[in-house]
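# Fold and geometry: a report
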Amino acid sequence: MSAHMDELIAQFQNFQAKVRQAETRFAGVGDMQERIAQVATTVTSPDGNVTVVAGAGGTVTDLRLATGATHLEAGRLAAIIMTTLRQAVAGAVQQQAGIVDDAFGDTLGVTTQEQVREAQAEAFGTTAEPPASEPQGPQQPQAAPRRRPAPRDDDYFEENTILRRD
């Protein structure tokens, strides 16, 4: 019975050691939350007419238009705003994921930042590269995603009649 008791004590001590490791690890959660609250990514369009600032969670915190923006055609300006906005939000979300990785990446065995990049690349149809705070080279706005055609009205039975044809 003594050997069995020694084994139980050893298991309990091992468990306590793991609890202490977890407590130490999670003591940094407050610091991580503060760092995330301070996240800010600023992106300016290549032509300099649009600047977007995004913060934690991809929240847009500022949008600035240069004087030259008012001379752009409305559709072109909207496309530039959307492209710049997507880049700023993507950068802020990636920065936030990097903070999570710094705090817990090796413990959780995942790379949150890489997963975010891959998800963004899939969603935007781009490559999984980190966005630059200052875009390099001319960038064209992305085309709006293609939408599926609207379903036909339920009362329209030309092709699929409910009556049997024999």
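In case you missed it, the structure is sitting above this.
Structure report, in brief. Note that the coordinates shown come from a computational prediction; the quantities given were computed from them, not determined experimentally.

The next thing to look at is the pairing of strand S2 (residues 50-55). Across the six residues of S2, six count as buried, placing the element largely inside the fold. Residues Val50, Val52 and Ala54 point to one face of S2 and Thr51, Val53 and Gly55 to the other, with burial holding for every one of them. Both strand S1 (residues 40-44) and S2 contribute to a ladder of five bridges, which runs antiparallel. Bridged to Thr44 within S2 is Thr51. Hairpin connection, S1 to S2: the antiparallel pair is bridged by five residues, and Gly48 has positive phi, about 80°.

Let us look at the nonpolar core. Core analysis: the largest hydrophobic core is formed by 16 residues, its most contacted members being Met32, Val50, Leu77, Ala88 and Ile99. At the level of secondary structure, the elements contributing two or more residues to this core comprise helix H2 (29-37), S2 and helix H3 (74-108). Looking at this core, the element that brings in the most residues is H3, giving eight residues. Residues in contact with Ile99, not counting those within four places in the same chain, are Met32, Arg35, Ile36 and Val39.

The rules we used
- Residues numbered from 1 in each chain as written.
- Predicted model: local features only at pLDDT ≥ 70, side-chain atom pairs only at ≥ 80, totals over all residues.
- Heavy atoms only, no water.
- Buried < 20%, exposed > 50% of the residue type's maximum accessible area, 1.4 Å probe, protein only.
- Helix = DSSP H or I, 4+ residues; strand = E, 2+ residues; numbered from the N terminus.
- Pairing = 2+ DSSP bridges.
- Core = buried A, V, L, I, M, F, W, Y, C linked by side-chain atoms within 4.5 Å.
- Contact = heavy atoms within 4.5 Å.

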